[in-house]
Amino acid sequence: MGKAAEIEVTESGGGGMRRRNCACTKDDFLPEESFKSWGNYAKALSETPKRLIERALTRSNDEAELEAKARSHHEMKRTLTWWDLIWFGMGAVIGAGIFVLTGLEAKEEAGSAVVLSYAVSGLSALLSVFCYTEFAVEIPVAGGSFAYLRVELGEFVAFIAAGNILLEYVIGGAAVARSWTSYFATLLNFRSDKFLLTAHGLADGYNQLDPIAVGVCFIICIIAVSSTKGSSRLNYIASIIHIVVILFIIVCGLIKSDTKNYTPFAPFGARGVFKASAVLFFAYVGFDAVSTLAEETKDPGRDIPIGLVGSMVITTTIYCLLAITLCLMQPYENIDANAPFSVAFKAVGWDWAQYVVAAGALKGMTSVLLVGAVGQARYLTHIARTHMMPPWFSYVDEKTGTPVNATTVMMGATAVIAFFTKLEILSNLLSISTLFIFSLVALSLLVRRYYVSGVTTNANRNKLIICILLILGSSIGTAAYWGLSEKGWIAYCVTLPVWFLATAGICIFIPRARSPKLWGVPLVPWLPSASIAINIFLLGSIDKDSFIRFAIWTAFLLAYYFFFGLHASYDTAKEFEKSKGWKNNIEEGNAASKGLDSKDAPIASGN
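In the nomenclature of an unreviewed UniProt entry, the chain is known as Cationic amino acid transporter 8, vacuolar of Capsicum baccatum. The UniProt entry for the chain carries the following text under Subcellular location (unreviewed entry): "Membrane". Within the UniProt record for the chain, the comment given under Sequence similarities (unreviewed entry) is "Belongs to the amino acid-polyamine-organocation (APC) superfamily. Cationic amino acid transporter (CAT) (TC 2.A.3.3) family."

Let's shift gears to the overall build of the chain. Looking only at helices and strands, the chain has 22 helices and four strands in total. Out of the 607 residues belonging to the chain, those deemed buried represent 58%. Element-wise, carbon and sulfur atoms account for 66% of the exposed surface of the chain, whose accessible area totals about 23,200 Å².

This paragraph deals with the layout of surface pockets. Space inside the second largest pocket adds up to approximately 580 Å³. Around the second largest pocket sit 27 residues that line it, and G163, L166, L167, W553 and F556 are the ones nearest its centre. Elements supplying a minimum of two residues to the lining of the second largest pocket: α9 (155-187), α15 (353-385), α16 (404-420), α18 (431-450) and α22 (544-580). Of the residues that constitute the lining of the second largest pocket, the class distribution is 22 nonpolar, four polar and one charged.

Attention now goes to the packing of helix α2 (residues 38-46) against helix α3 (residues 48-55). It is the contact of α2 with α3, at a shortest axis distance of 5 Å, that shows an interaxial angle of 65°. Contacts from A44, L45 and S46 in α2 reach T48, P49 and R51 in α3. A per-class count over the contact of α2 with α3 returns three nonpolar, two polar and one charged.

Let's shift gears to helix α5 (residues 82-93). Counted at 1.5 Å a residue, the expected span for α5 with its 12 residues is 16 Å, and the 17 Å between its end C-alpha atoms agrees. With 10 of its 12 residues buried, α5 lies for the most part within the structure. Three or more residues of α5 are buried, namely D84, L85, I86, W87, F88, G89, M90, G91, A92 and V93.

Relative to the helices and strands, E134 is located in helix α7 (residues 114-138). A polar contact is formed between the side chain of E134 and the side chain of R449, at a distance of 2.8 Å. Not counting chain neighbours up to four residues away, the residues in contact with E134 comprise L445, R448, R449, P516, W519, G520 and V521.

Our next topic: unusual backbone geometry. Here the residue pair T263 and P264 is connected by a cis peptide bond, since its omega of 0° sits within 30 degrees of zero. In this structure, the amide linkage connecting V524 to the following residue, P525, adopts the cis form with an omega of 15°. Here P525 shows up in the loop between α20 (492-509) and α21 (526-539). Despite not being glycine, L523 has its phi angle at roughly 60°, a positive value.

Counting through the fold element by element, L80 comes out in the loop between α4 (62-67) and α5. Between the alpha carbons of L80 and P300 there is a distance of 9.5 Å; along the sequence they are 220 residues apart.

Moving on, we get to the pattern of salt bridges. Summed over all chains, the structure comprises eight salt bridges. Ionic pairing is found between E47 and R51, a salt bridge with its closest N-O pair at 3.2 Å. The same class applies to E47 and to R51, which are both buried. Between R55 and E155 there is a salt bridge; the shortest N-O distance is 2.6 Å. A residue pair is termed long-range when its members are at least 10 positions apart, and R55 in helix α3 and E155 in helix α9 qualify at 100 residues. Like R55, the residue E155 is buried in the burial classification. Residues participating in the shared-partner salt-bridge network are E47, R51 and D571.

A cluster of nonpolar side chains, W82, W83, Y236, I237, I240, I241, V244 and I306, forms an exposed patch at the surface whose accessible area comes to about 670 Å². Mapped onto the nonpolar patch, the elements with two or more residues apiece are α5 and α11 (228-255). Broken down by element, the residue count for the nonpolar patch peaks at five residues, all from α11. Assignment of secondary structure puts I241 in helix α11.

Bringing the environment of W392 into the picture now. One can find W392 in the loop between α15 and α16. For W392, a relative accessible area of 14% puts it in the buried group. Separated by 361 residues in sequence, W392 and P31 have C-alpha atoms that sit 9.8 Å apart.

Here the focus is the packing of aromatic side chains. Applying the stated criterion across every chain, the model contains 33 aromatic pairs. Measuring from ring centre to ring centre gives 5.4 Å for F274 and W482, while their planes differ by 80°; the resulting arrangement is edge-to-face. One end of the pair, F274, is in helix α12 (residues 269-280); the other, W482, is in helix α19 (residues 458-484), and 208 residues separate them in sequence. If you follow K194 out to its NZ or CZ, it ends over the ring of F190, 5.2 Å from the centre.

What follows deals with the packing of α9 against helix α10 (residues 211-226). At a minimum axis separation of 8 Å, α9 and α10 run at an interaxial angle of 115°. Taken together, the axes of α9 and α10 lie roughly perpendicular to each other. In this structure, α9 crosses over α10, and the sense of that crossing is right-handed. Contact residues: α9 offers A177, R178, W180, T181 and F184, while α10 offers I212, A213, V216 and C217.

Take the nonpolar core next. Ranked by size, the top nonpolar core spans 156 residues in total, and within it F99, Y118, I249, F287 and F345 carry the most contacts. At 17 residues, the largest contribution of residues to this core is made by α15.

Okay, helix α13 (residues 300-329) next. Helix length check: α13 (30 residues) gives 43 Å between terminal C-alpha atoms against 44 Å at 1.5 Å per residue, within 8%. Among the 30 residues in α13, 22 count as buried, and that is most of the element.

Residues at a pLDDT of 70 or more form 83% of the chain, whose mean pLDDT is 78. In the model of the chain, strand β2 (residues 17-20) stands out as the element of lowest mean pLDDT, 39, in contrast to α20, which has the highest, 93. Taken together, the stretch residues 1-22 has pLDDT below 50 and engages in 55 contacts with residues farther than four places along the chain or on a different chain. Here residues 582-607 is a poorly scored stretch, pLDDT under 50, and it has 61 contacts once near neighbours within four places are set aside; other chains count.

What counts, and where the lines are drawn
- Every chain's residues receive numbers from 1 upward, in the order its sequence appears when written.
- Owing to the predicted nature of the model, reporting of local features is limited to residues with pLDDT of at least 70; listing and counting of side-chain atom pairs is limited to 80 or more, with chain, interface and lining totals taken over all residues.
- With hydrogens and water set aside, each side-chain value is computed from the structure's full complement of heavy atoms.
- UniProt positions are given in the numbering used here, feature names are shortened, and annotations may be inferred rather than shown by experiment.
- A run of H or I in DSSP becomes a helix once it reaches four residues, and a run of E becomes a strand once it reaches two; helices and strands are each numbered from the N terminus.
- To sort residues, take the accessible area from a 1.4 Å probe on protein chains only and compare it with the maximum for the residue type: under 20% means buried, over 50% means exposed, and anything in between is partly exposed.
- Here, Shrake-Rupley sampling with a 1.4 Å probe gives the accessible areas, and only protein chains in the shown set may cover a residue.
- Put simply, the grid is 1 Å and covers the protein atoms alone, a cavity is a trapped set of points that fit a 1.4 Å probe, a pocket is an open set with protein on both sides within 12 Å along at least five of seven lines, and lining residues have an atom within 4 Å of a point.
- Grid points are joined across faces, edges and corners, and a volume is the space filled by probe spheres set on the points.
- Note on residue categories: nonpolar means Ala, Val, Leu, Ile, Met, Phe, Trp, Tyr, Cys or Pro, charged means Asp, Glu, Lys or Arg, and polar means any other residue, Gly included.
- Axes here refer to lines fitted to C-alpha atoms; in helices the fit is confined to the stretch in contact. Angles between the N-to-C directions go from 0 to 180 degrees.
- Working rule for contacts: check all heavy atoms of both residues, and any pair within 4.5 Å makes them a contact.
- To estimate the expected span of a helix, subtract one from its residue number and multiply by 1.5 Å.
- Within 3.5 Å is the distance limit for a polar contact, defined as a pair of N or O atoms, with the added protein rule that one can donate a hydrogen and the other accept it, and that residues adjacent in sequence qualify only through two side-chain atoms.
- Each reported salt bridge corresponds to a side-chain nitrogen of Lys or Arg within 4 Å of a carboxyl oxygen of Asp or Glu.
- Patches here: salt-bridge-free residues with over 30% relative accessible area, like charges joined within 9 Å, nonpolar side chains (Val, Leu, Ile, Met, Phe, Trp, Tyr) joined within 5 Å.
- Centres within 6.5 Å make a pair out of two Phe, Tyr or Trp rings, where for Trp the six-membered ring is used; the pair is then stacked when the planes are under 30 degrees apart, edge-to-face when over 60, and tilted otherwise.
- We call a charge positioned above a ring when the Lys NZ or Arg CZ atom is no farther than 6 Å from the ring centre and deviates by at most 35 degrees from the ring normal.
- When describing relative orientation, an angle under 35 degrees is termed roughly parallel and one over 145 degrees roughly antiparallel, while 65 to 115 degrees is termed roughly perpendicular and anything else oblique.
- For a crossing to be left-handed, the near helix must be turned anticlockwise from the far one by less than a right angle; the clockwise case is right-handed.
- As used in this record, nonpolar core signifies buried Ala, Val, Leu, Ile, Met, Phe, Trp, Tyr and Cys residues forming a set joined through side-chain atoms within 4.5 Å.
- Values of pLDDT, which run from 0 to 100, indicate the predictor's confidence residue by residue.

Below, the structure written as structure tokens:
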């Protein structure tokens, strides 16, 4: 836990503190009553249906999420401003995606219209950024989307989403670490696979071992646990160098451009543009890590909107300019799928520029790894505060103000996967979980604005449920029809009007139950509804193997929840209620017992 002896540990109820003489015991992982003995555990398992009914749809509230911070023993240090968040945002996103996937998608799916693919996926990411921003301002905790979903959609949905968030970060970090090795080899004028070791006894796809990726993960871990502000400064420096290299690529690339290379513009049609958009969403993965820094931001109401929205606008603009530059330098069919920018400069006679490109890519991927390490640890920290993951992960070191245990374990998992697994396998696992989570966050925003327990009438609640189901159904129908029918259009005449009317129904017939206190998403319900529709549409362009992997991972999460997470969360909620002396659980919405105004208590049992 960062100290080998005598550290303070909060009991499962969040109440008392006591000393321990060893750094790690059973109670650090399973301190709840259900796990005190085998008899207790057997009793807990026998009560699974009852506990599931009580907890699965139970909604938390803003104050309960803020209260949970006390379970980390020490507070994270508020040292970040909007300037730090902008650079964290760009550092989290601009990396392997733009330097690796641009060439592949331009050559095989979109042609020169790859710029439109980046614009579409960037629009989807920007809409999601707006939704994240309101939550991060209102609930400034390290839990990110896990905390937001727990407040609005309930514990069960939040946990499934959280599991996919953690998977996304681990696999995304492993993919970037593998790319780091490839670009490092290029910078030294070697083949991209120069430093990989072949293990003939392992299966194909897992037999190219990458020790350099492990070393990079280890160094990033040390930096991330040392200081959040220090990580910010390193990211700031690396990102500045990265931006300078990107400006070099754009300016020098346009100098050597030829507008004839832009013909034909969209050789694969609209279908190719959207198919590439689903894959290129990988290039935007990571911005949600910035929302996990809300707990360490000096002025969340001001800094988070500027940092999140500003970084995404800048990133999307840079991506589109880089895509335009690449396709003006070379005809799309001549673009190299593995090292597009380096080969493009070779093609126009500037061989030396490949080293500048490789150096810029390395800087970018280092930033992505660093911000990913910071973000994923904070997600895990807040999940552990609820005891749905062992509370050992929630420990925040008093000296550094960082979640040491969570950072170390997550980066260790990243290093192991990066050591064995090929980049192609890793990159195919990412987008589906990301788009799924972004859709849920947008849905949560609709619930947050239009449903408050004790304020919203049953009739308006039922109208909201119907409208949301119609939005989801029409969006799924549009995505499914797009995937199944290459030339059809009749179904769109049904699904698109249904989406429009359902969104208009929320706007016209359902009164808002809550207004944001500090900063709110504009154009509600249209903006979050559009975010849901676009994210689901992009999901429809993802290959079936990704859905199979998503289903397998979700099945694993369900098993963990039923056997461990549910019971730990149940016991923790009961202890938390008892320690505060409330007759009803705060998470089940008895705000009156705390003396709160009902409008400030958006809690419902979910039943």
